[in-house]
Amino acid sequence: MNEKASFLWNFVLPKGPLLIGTTLSHYTYGPAKPSWTYKFSLIMAIAQSLGGHLDERPLKQFQAMSRLNDKLGPVHPGANASEAVVPNNYRDKAAVYVNQLLTKEGIDSAMLGWDWKNDPRAEKPLKAEWTETKVKDATYSEGRTVLYLHGGGYFLCSIKTHRWASWNMARLGGAKVFSLDYRLAPDSPFPAAVHDALAAYLYLIDPPADAGFAPINPKNIVIMGDSAGGGLTFATMLAIRDAGLPTPGGIIGWSPWIDLLLSMPSVLENTATDYLPAEGFTHGGGASLKEMAKVALTSVGDDQDALLEKLPPVQHYTNNKLLSCKYVSPILETNLEGCCPIMLIAGDAEMLRDESIVFSKKHAHAPTNVLLRIYDDMPHVFQMFGFLPSAKHALKESGDFIRNVTLGGSGVADKSFERISVKGERRALEADAVPEWKDRIGRVGGGSKFLAKL
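Nothing here was measured: the structure is a model prediction, and the numbers come from that model.

Caption draft 1: Expanded view of the overall build of the chain. When its secondary structure is counted, the chain shows 16 helices and 10 strands. Against the globule reference of 22 Å for 454 residues, the chain gives a C-alpha radius of gyration of 21 Å, in line with a compact fold. Seen along its three principal axes, the alpha-carbon backbone of the chain occupies a region of about 60 × 50 × 50 Å. Across the 454 residues of the chain, 56% fall into the buried class. Long-range pairs, those at least 24 residues apart, make up 79% of the contacts in the chain between residues at least 6 apart in sequence.

Caption draft 2: Focus on the nonpolar core. Among the nonpolar cores identified, the biggest contains 130 residues, and Phe178, Phe190, Leu204, Trp254 and Tyr317 are the most heavily contacted of them. Among the elements that take part in this core, helix 8 (residues 192–205) stands out by supplying 12 residues, more than any other. Residues contacting Tyr317, with those up to four places away along its chain left out, are Tyr154, Ala185, Pro189, Phe190, Ala193, Val194, Leu260 and Val328. Listed in part, the five residues of the second largest apolar core include Leu59, Phe155, Leu156 and Cys157.

Caption draft 3: Representation of the environment of Val194. Relative to the assigned elements, Val194 resides in helix 8. Assessed through its relative accessible area of 4%, Val194 is described here as buried. Between the C-alpha atom of Val194 and that of Tyr327, which follows or precedes it by 133 residues, the distance is 8.0 Å. Contact partners of Val194, with chain neighbours within four places excluded, come to Leu232, Ala235, Ala239, Tyr317 and Tyr327.

Caption draft 4: Representation of the packing of aromatic side chains. According to the stated counting rule, one finds 17 aromatic pairs in the structure shown. Relative to Tyr317, the ring of Phe190 has its centre 5.8 Å away and its plane inclined at 70°; by these criteria the two rings are edge-to-face. Here Phe190 is found in the loop between strand 4 (176–180) and helix 8, whereas its partner Tyr317 is found in the loop between helix 12 (304–310) and strand 7 (342–347), with 127 residues between them in sequence. Judged by its relative accessible area of 2%, Phe190 is buried. Between Tyr375 and Phe382, the aromatic rings sit 5.1 Å apart at their centres with planes inclined by 50°, giving tilted as the arrangement. Judged by its relative accessible area of 0%, Phe382 falls in the buried class. Three or more aromatic residues joined by ring pairs make a cluster, and in this case those are Trp36, Phe40, Tyr275, Phe385 and Phe387. The aromatic ring of Tyr90 is capped on one face by Lys93, whose charged end is 4.4 Å from the ring centroid. Directly above the aromatic system of Phe450 lies the positively charged group of Arg440, at a separation of 3.8 Å from the ring centroid.

Caption draft 5: Local environment of the sheet that holds strand 6 (residues 250–254). Strand order in the open sheet made by the 10 strands is 1-2-4-3-5-6-7-8-9-10, with mixed pairing throughout. The open sheet has two edge strands with one neighbour each: strand 1 (79–86) and strand 10 (426–428). For this sheet, the mean angle separating the axes of adjacent strands, direction not counted, is 20°. For strand 3 (residues 145–149) and strand 5 (residues 221–226), the ladder comprises five bridges, and the chain directions are parallel. Residue pairing in the sheet places Thr145 in a bridge with Ile221 of strand 5.

Rules behind the numbers
Residues numbered from 1 in each chain as written. Predicted model: local features only at pLDDT ≥ 70, side-chain atom pairs only at ≥ 80, totals over all residues. Heavy atoms only, no water. Helix = DSSP H or I, 4+ residues; strand = E, 2+ residues; numbered from the N terminus. Rg over C-alpha atoms; globule rule 2.2 N^0.38 Å. Buried < 20%, exposed > 50% of the residue type's maximum accessible area, 1.4 Å probe, protein only. Contact = heavy atoms within 4.5 Å. Core = buried A, V, L, I, M, F, W, Y, C linked by side-chain atoms within 4.5 Å. Phe/Tyr/Trp six-rings, centres within 6.5 Å; stacked < 30°, edge-to-face > 60°. Lys NZ or Arg CZ within 6 Å of the ring centre and 35° of its normal. Pairing = 2+ DSSP bridges. Axes fitted to C-alpha atoms, helices over the stretch in contact; angles between N-to-C directions.

Spelled out as structure tokens, the structure:
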């Protein structure tokens, strides 16, 4: 069977009822969100269908499928891409800092549930990829660098799945982009991803003589990522600061996953308008919010430690005991003193929306710049849908931020919390955007008070 026939048989035909149902629903009842076109309604329906079937294939097979190859995840025609490898001695350097941070948090290998210092996968090369535009315009500045950390729930995807992001940030940020293939869970759970991201940062600011580039001033680096990569971005920033290392020029999180306790209401409220799996990323949904509610209400009540102990693993990334660690769930950080400027971008229709809002509100008086942008009607990491006006707007906002916070930039506003319409119109975020967030934060599922409503 040729490739086109195989695609038709295995993908298109089984989706026939879904496509027909979506078409009827769109034109009979209207789209799920006012701005969604018929094309986008179809895209979202297919994405939701794929996300809802994560447990139908073995995890290893799904991981392999998600990494893509050069044909399915090509380099943009306007970009130059080159392979890079972070020498393993930078993992050794980073391990010293990670060990200090974990010790300070009272976390040892027994609590982690694995020997992170002797991970056989850490013996393999830490691969990365440089991306830059073939033609440099006036926005480009030599030395300006983006360290990009891809999303995928900490267990899926790769550099190749996110080449669209690398290209856009090289183009709009006037920078070279260094994308990292950090180790993935569940084979290499927390703190492996933070360990690798920190190693890459140390490599960029103090490379070996044969690296092919000069040491990069930390203030000329922006760390950014989407979804889990956004959460890793925030964790890496906190690790850099807490280790006493020079902080970067800024960080950006696109739909950052910074609350692995799933404590905010949008995780439930926005399941119909997002493509993330409604039962969470646990393979098979064994520790979904509904399961949490069942266990909480029938046996442990509001005892968070007992609830987490009784539940199966909530996330692939780490065990339940560590979900409240700030390097796992950065939303729980209480102090941003010494941190760099921060930009958070999320969609109003996505399940992780409230995490970005609460992080920003929590640090409304922090001694650092925090910029929040919530885009009307948009789902998770909507920037990948480049044909959408909101995606183009958010990509430009990100590029502007990169250029403004790095050397020679004009800087950014101290605090700016905005909603942005599909036409690009700005308005202030309302004060009560996430009611009762203080009662929810740090409690799995938001606590028994809210789980009882399920």
